[in-house]
Amino acid sequence: EKVIVNGELIERKDAVMDIEDRGYQFGDGIYEVIRVYNGKMYTAEEHLKRLYESAEKIGLKIHYQKDEIKSHAARLIDENMLETGIIYMQFSRGIAPRQHAFPLKDVACSYIAYTREMPRPEASLDKGVKTLLVEDIRWLRCDIKSLNLLGNILAKQKAAESDCYEAIQHRGEIVTEGSSSNVFIVKDGTVMTHPATNLILNGITRQVIQKVCAENAVPFVEKEFTVEQLLAADEVFLGSTTSEVMPIIQVDKTVIGEGVPGSMTRKLQELFSQHIQKECTL
Ligand code: PMP
């Protein structure tokens, strides 16, 4: 199994990180997860664009060109013979004596990437999943795909302990997003999701859903909605790179709709699969 460390393709067992890497000590860095279908990267351009945007937002300089990172990823897929799975990549502010402020000298960022096999979650996509509500206790820059994920982790752990697939976070009355996904409701034929502000990560899956809705005359609005609206929705689903368009059939004790994936969710799943086909056929 091969991995990338600072631009070099090496064996996984030879990969080591410094104990004073700022990613390790502070979570001072950013990351991306790109889906691979049929051995091809899905929406790689969009993910890499967001990667550089996240870097910019925290003043981290990525001294690699987009095409270099892309060819590293392609190299990993090849070497590891990955068909269906993900590429994880992360960039930290590098290695320097521990102090909160940025390193004084120009320290190079640390860059790692690896692949992992991951099938499409077909059973859950078919049946739908249960979720629970948790207060969103995260910071106010959730638009950055930061390595700091404690708020997200604590939320997901609550879900896991209740045998739920995802935790749906809310700030007071307003539903923001899942712990690792965006949340959508359907009411009277309109798809609604939280606007892409500082309070959520603007998911690439979210962007694809928005696009296919526009292309297929499906009403789609970016608008805040409340916990009450969530519980009273006709349909609820989440979107993420690994989970795709995932039907939500229960929120806490409340069964959504008929307790089975709704017709709009099914339609969007189909349109999403077509988009994958278009981007990733051999
Ligand atoms: N929100 C959060 C907090 C996430 O971690 C993710 C990514 N797993 C998403 C939304 C969905 O983003 P994407 O569709 O780009 O995977």
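Predicted model, so just to flag it, every value in this text is computed and none were measured. (Residues numbered from 1 in each chain as written. Predicted model: local features only at pLDDT ≥ 70, side-chain atom pairs only at ≥ 80, totals over all residues. Heavy atoms only, no water.)

**Comments concerning the nonpolar core**
- Ile30, Met41, Leu51, Ile62, Ile69, Met89 and Phe91 are the most contacted members of the largest nonpolar core, which has 25 residues in total.
- Put simply, the parts of the chain that give this core at least two residues each are strand 3 (29-37), helix 2 (44-57), helix 3 (66-79), strand 5 (85-92) and strand 6 (110-117).
- When residues no more than four places from it in sequence are discounted, the contact partners of isoleucine 69 are Leu48, Leu51, Tyr52, Ile62, Tyr64, Met89, Phe91 and Tyr111.
- With 19 residues, the next largest nonpolar core counts Val208, Cys213, Leu268 and Cys280 among its residues. (Core = buried A, V, L, I, M, F, W, Y, C linked by side-chain atoms within 4.5 Å. Buried < 20%, exposed > 50% of the residue type's maximum accessible area, 1.4 Å probe, protein only. Helix = DSSP H or I, 4+ residues; strand = E, 2+ residues; numbered from the N terminus. Contact = heavy atoms within 4.5 Å.)

**A short note on a nonpolar patch on the surface**
- A contiguous nonpolar patch, built from Ile137, Leu150, Ile153 and Leu154 and spanning about 430 Å² of accessible area, is present on the exposed surface.
- Checked against the element boundaries, leucine 154 lands in helix 5 (residues 150-161). (Patch = residues over 30% accessible without salt bridge, like charges linked within 9 Å, V, L, I, M, F, W, Y side chains within 5 Å. Areas by Shrake-Rupley, 256 points an atom, 1.4 Å probe, with all protein chains shown as cover. Salt bridge = Lys/Arg side-chain N within 4 Å of Asp/Glu carboxyl O.)

**Some words on the environment of serine 181**
- Within the secondary structure layout, serine 181 lies in the loop between strand 9 (174-178) and strand 10 (182-187).
- Assessed through its relative accessible area of 6%, serine 181 is described here as buried.
- Between the alpha carbons of serine 181 and glycine 239 there is a distance of 5.5 Å; along the sequence they are 58 residues apart.
- Residues within four places of serine 181 in sequence aside, it is in contact with Glu166, Leu238, Gly239 and Ser240.
- Engagement of the side chain of serine 181 in a polar contact is seen with the side chain of glutamate 166, the distance being 2.7 Å. (Polar contact = N/O pair within 3.5 Å; in protein donor to acceptor, adjacent residues only side chain to side chain.)

**Here's the deal with the packing of aromatic side chains**
- For the coordinates displayed, the defined rule picks out seven aromatic pairs.
- Members of the aromatic cluster, each reached through a chain of ring pairs, are Tyr31, Tyr88 and Tyr114.
- Note that arginine 12 overlies the ring of tyrosine 114, its terminal NZ or CZ placed 5.5 Å from the centroid. (Phe/Tyr/Trp six-rings, centres within 6.5 Å; stacked < 30°, edge-to-face > 60°. Lys NZ or Arg CZ within 6 Å of the ring centre and 35° of its normal.)

**Considering the pattern of salt bridges**
- Overall, the coordinates contain 22 salt bridges when judged by the stated rule.
- Between aspartate 143 and arginine 141 there is a salt bridge, and its shortest N-O distance comes to 2.9 Å.
- Residue class for aspartate 143 comes out buried when judged on its relative accessible area of 14%.
- Between aspartate 234 and lysine 187 there is a salt bridge, and its shortest N-O distance comes to 3.5 Å. Here lysine 187 lies in strand 10 and aspartate 234 lies in the loop between helix 7 (227-231) and strand 13 (235-240), a separation of 47 residues in the sequence.
- Given the relative accessible area of 36%, lysine 187 is considered partly exposed.

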